[in-house]
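# Understanding the architecture of this molecule
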Amino acid sequence: MSRPSILLAALIGCTAQADQVQPPPDRPVPAEPVAFVVPAEAVDHTPDDLDRVTVRLTAAPHSFEVAGQAVQGWAYNAQVPGPTIRLVRGQTLRVELDNALPDPTTIHWHGLHVPFAMDGATWMHDPVQPGERFVYEFPVDQVGTFWYHPHFDTARQVDLGLYGAIVVVDPQEPQAEVDVVAILDSWDEVADRDDHHGLDGVAPVLTINGVRDPELAVPAGATVRLRWINAANIAYVGLSGAGLRTIGGDQGLFSAPREGVELLTPGERLEHDLAIGDASEILAHPWSLYGGALPHDPERLLSVVPEVSGPPPDRLPFTFDGRPPSQDPPFTDLVYVLHGDPTTGDWRINGERFPDITPHRLPLDADVVIEVRNLSASEHPFHLHGHAFELLSRNRVQPPHREVHDTFNVAVHEIVRLRLIADNPGHWMVHCHILPHADDGMMTILEVGDMGGGGH
Ligand code: C2O
Ligand code: CU
């Protein structure tokens, strides 16, 4: 609804109410639940070639609404989130991007191990100019929940609405009856920027697939798999809920399921499966970048409501491999020190601000230990392109099971140790996924293999 029609509705509402019987004051008027929006799926234009999925994306200005407020944003195919791209492991994805924006753009395939020329980073490659088309094409041999977003003027372009999900399924895995993406965004984040997308004066609004506090109706007894993506520029949330267990993260299923509050930081993904017989609420626990969990009450992010109450369904029989973590060895190959100051917006890695950086270089297939030391007063989700890494330890404490991520939060003054097998040649971006931090300098390059040409 546009602003004029909201006004009109409000006016009509007033006149109609005057001669209606009001509910007794002690009975609260139930608010109409807002339906969960499942982002439309991208259309497969190649039905006779099962090995290939072709998707057309047009990035263009788009007006939409968030929590009743008009937003002059940008979108893929006039929808926010953009189309969900669903693939079967082993397929080749071809995406024809038309840039109908007034600015250059690119698409980055967050978490997928694409060839460097397809990565959408503008280090060594030009962005797609307004009016131009670029074709991305690469095979996908991973399973899990991934996402796509621009990597040019990134904080602004993502914030305006350019993002979408990629779901890669393994047909051998048990399939949930309801399998949906839930993309979190926050709509108050760049209120101090001139090009802010239009929620001035509005309290922070968290949305799921563009809708605030939606209700997901599911068939009675259905198994539900929720695939979370945090597409917000800055917002961290802790997620919890009755009947919820965490089964996976950035790179598909975990080695063992987990219970309890899970932090979801910008760029990260989490997968939950739900076994509920009754309506269940998923809560967002407030989190501060400057000190972790806050004592305030959680807010409801999403309700999942079975059509009819009944006994909870059995959990899907996922196979968790139960693997222990790799050993954290007594040496380090690469160190990234995160510095910065929230008051000046001066963010650095190893004392350098992108693009004035010195790339690190690794031989192809190097198996290395990376230590990330956060010396700043803010948390930072550490992200590396083209690869995933294993979490070895946090402040020397190993995780109970093997965990593989492509984005991992480093708390204030924390030391996170990671194992990387550098098997994808390229000049890969390493950055904080709080996108304004990255745009303000907290980004560097890791060169893998000999690409020729040099990166500086
Ligand atoms: Cu989603 Cu370079 O990031
Ligand atoms: Cu950061």
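To keep things clear, this report deals only with the structure shown in the data block. (Residues numbered from 1 in each chain as written. Chains lettered and ligands numbered in written order. Predicted model: local features only at pLDDT ≥ 70, side-chain atom pairs only at ≥ 80, totals over all residues. Heavy atoms only, no water.)

### As for the pairing of strand β26 (residues 380–384)
Of all the five residues making up β26, five are buried; the element is thus mostly covered by neighbouring parts of the structure. Going residue by residue along β26, you find His380, Phe382 and Leu384 tucked away on one face and Pro381 and His383 tucked away on the opposite face as well. Strand direction decides the pairing type here: β26 and strand β29 (residues 407–410), joined by four bridges, are antiparallel. Counterpart to His380 in the pairing with β29 is Val410. (Buried < 20%, exposed > 50% of the residue type's maximum accessible area, 1.4 Å probe, protein only. Helix = DSSP H or I, 4+ residues; strand = E, 2+ residues; numbered from the N terminus. Pairing = 2+ DSSP bridges.)

### Focus: the coordination of the copper ion (ligand 2)
In ideal tetrahedral geometry, four donors around a metal make angles of 109.5 degrees, whereas ideal octahedral geometry with six donors gives angles of 90 or 180 degrees. Binding of the copper ion (ligand 2) to the protein goes through His380 (ND1), Cys432 (SG) and His437 (ND1), at separations of 2.0 to 2.1 Å. Every donor residue of the copper ion (ligand 2) comes from the same chain, spaced as H-x51-C-x4-H. One end of the pair, His380, is in strand β26; the other, Cys432, is in strand β31 (residues 426–432), and 52 residues separate them in sequence. When its relative accessible area of 0% is taken as the criterion, His380 is described as buried. For Cys432, a relative accessible area of 3% translates into the label buried. (Donors = N, O, S within 2.8 Å, 3.2 Å for Na, K, Ca; no water.)

### A word on the packing of aromatic side chains
Counted according to the given criterion, the structure contains 11 aromatic pairs. Ring centres 5.4 Å apart and planes at 75° place the aromatic pair Trp109 and Tyr136 in the edge-to-face group. Linking Trp109 in strand β6 (residues 108–110) with Tyr136 in strand β7 (residues 133–139), this pair joins segments that are 27 residues apart in sequence. Take Trp109 and Tyr136: they sit in the same class, and that class is buried. Clustering of aromatic rings is evident, with ring pairs tying together Tyr76, Trp109, Phe134, Tyr136, Phe138 and Tyr148. (Phe/Tyr/Trp six-rings, centres within 6.5 Å; stacked < 30°, edge-to-face > 60°.)

### Things to note about the side chain of Thr145
With respect to the helices and strands, Thr145 occurs in strand β8 (residues 144–149). By relative accessible area, Thr145 is classed as buried at 0%. A distance of 3.0 Å separates the side chain of Thr145 from the side chain of Arg227, its partner in a polar contact. With sequence-adjacent residues up to four places away left out, Thr145 is seen in contact with Ile166, Arg227, Ile229, Asp250, Arg269 and Glu271. (Polar contact = N/O pair within 3.5 Å; in protein donor to acceptor, adjacent residues only side chain to side chain. Contact = heavy atoms within 4.5 Å.)

### A short note on the sheet that holds β6
If you walk across this open sheet you meet the four strands as β4-β9-β8-β6, and the pairing is mixed. The outermost strands of the open sheet, each flanked by one partner alone, are β4 (85–88) and β6. Ignoring strand direction, the axes of neighbouring strands in this sheet form an average angle of 25°. Direction of pairing for β6 relative to β8: antiparallel, over a ladder of three bridges. When the bridges of β8 are listed, Trp109 appears paired with Tyr148. (Axes fitted to C-alpha atoms, helices over the stretch in contact; angles between N-to-C directions.)

Geometry only, nothing functional implied.
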